[in-house]
Amino acid sequence: MAKGFKFKLQSVLDIKIKNEEDEKRKLADVMQLQAREEQVLVSLQNKRAYLIAELKKKQGEGAINITELQMYSRGIEKLKNDIISQQIRLKEIAIMLDEQRKKLIEATQEKKIYEKLKENQHKLYIEEEEYKEKLLIDELATLKYAKIKPQSDN
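So, how was this worked out
Residues numbered from 1 in each chain as written. Predicted model: local features only at pLDDT ≥ 70, side-chain atom pairs only at ≥ 80, totals over all residues. Heavy atoms only, no water. Salt bridge = Lys/Arg side-chain N within 4 Å of Asp/Glu carboxyl O. Helix = DSSP H or I, 4+ residues; strand = E, 2+ residues; numbered from the N terminus. Buried < 20%, exposed > 50% of the residue type's maximum accessible area, 1.4 Å probe, protein only. Phe/Tyr/Trp six-rings, centres within 6.5 Å; stacked < 30°, edge-to-face > 60°. Core = buried A, V, L, I, M, F, W, Y, C linked by side-chain atoms within 4.5 Å. Contact = heavy atoms within 4.5 Å.

Colleague: Explain the pattern of salt bridges to me, please; I cannot follow it from the model alone.
Modeller: Side chains that differ in sign of charge can pair as their charged atoms come close. If you walk through the whole model with that rule in mind, you get 14 salt bridges. We note a salt bridge from Lys111 to Glu115, for which the minimum N-O separation is 3.7 Å. Residue Lys111 and its partner Glu115 are both found in helix H2 (residues 66-153); the two are separated by four residues, about one turn of the helix. Judged by relative accessible area, Glu115 falls into the partly exposed class, the value being 32%. Glu129 is the salt-bridge partner of Lys132, the closest N and O atoms lying 3.7 Å from each other. Taken together, the residues span about one helical turn, with Lys132 and Glu129 both in helix H2 at a distance of three residues. Judged by relative accessible area, which is 43%, Lys132 ranks as partly exposed. Bridged by salt links that share partners, the residues Glu20, Lys111 and Glu115 form one connected network.

Written as structure tokens, this is what we have:
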């Protein structure tokens, strides 16, 4: 085993490994984006619920005028539209997340193909080296036997 195993496609495998790492990072980025946007949605829903509760409270007390009623109605309607827009945004992010997962799976599969190829080539290399070593041992044994045999005939 004098020279050691060298995988001829190591540079390609290195690229596949880097590509997989990049896809993992991109997936993590999209997941973080999704979490932030979900928080925005929850915040909008909480604001809307608060305004509705406040409006009902004031209506129950009878302490609301038409201007305030219009202001609450506009605010609640705006928040409703913002919530719908945010839900659409989250659906778009879910699609992005799904696409990124597919890209990661593809990158991982490509990397595994090259890793398996490297593993198989390494096994072949080991088998070949062991065969060469066996031949060398056999040759040495034959030479040793050849040296011993003529001396014992005398």
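Don't stop here, the text continues.
Colleague: Help me out: how do you make sense of the packing of aromatic side chains in this one?
Modeller: The description of two aromatic rings rests on the distance between their centres and on the angle between their planes. Counted by the stated rule, this structure contains one aromatic pair. Relative to Tyr125, the ring of Phe5 has its centre 5.6 Å away and its plane inclined at 50 degrees; by these criteria the two rings are tilted. Pair noted here: Phe5 is in the segment before helix H1 (10-61) and Tyr125 is in helix H2, with a separation of 120 residues, a long-range link.

Colleague: Looking at this model, I keep getting lost on the environment of Glu139. Mind explaining?
Modeller: Here Glu139 is to be found in helix H2. A residue is classified by how much of its surface remains accessible, and Glu139, at 49% relative accessible area, is partly exposed. Taking C-alpha positions, Glu139 is 63 Å from Val30, a pair spaced 109 residues apart along the chain.

Colleague: Hey, could you run me through the nonpolar core in this one?
Modeller: Of all hydrophobic cores here, the largest spans nine residues; its members are Leu41, Leu44, Leu51, Leu55, Tyr72, Ile76, Leu79, Ile83 and Leu90. Secondary-structure elements contributing two or more residues to this core are H1 and H2. At five residues, H2 tops the list of elements feeding residues into this core. Once residues within four sequence positions are removed from consideration, Leu51 is found in contact with Tyr72, Gly75, Ile76 and Leu79.

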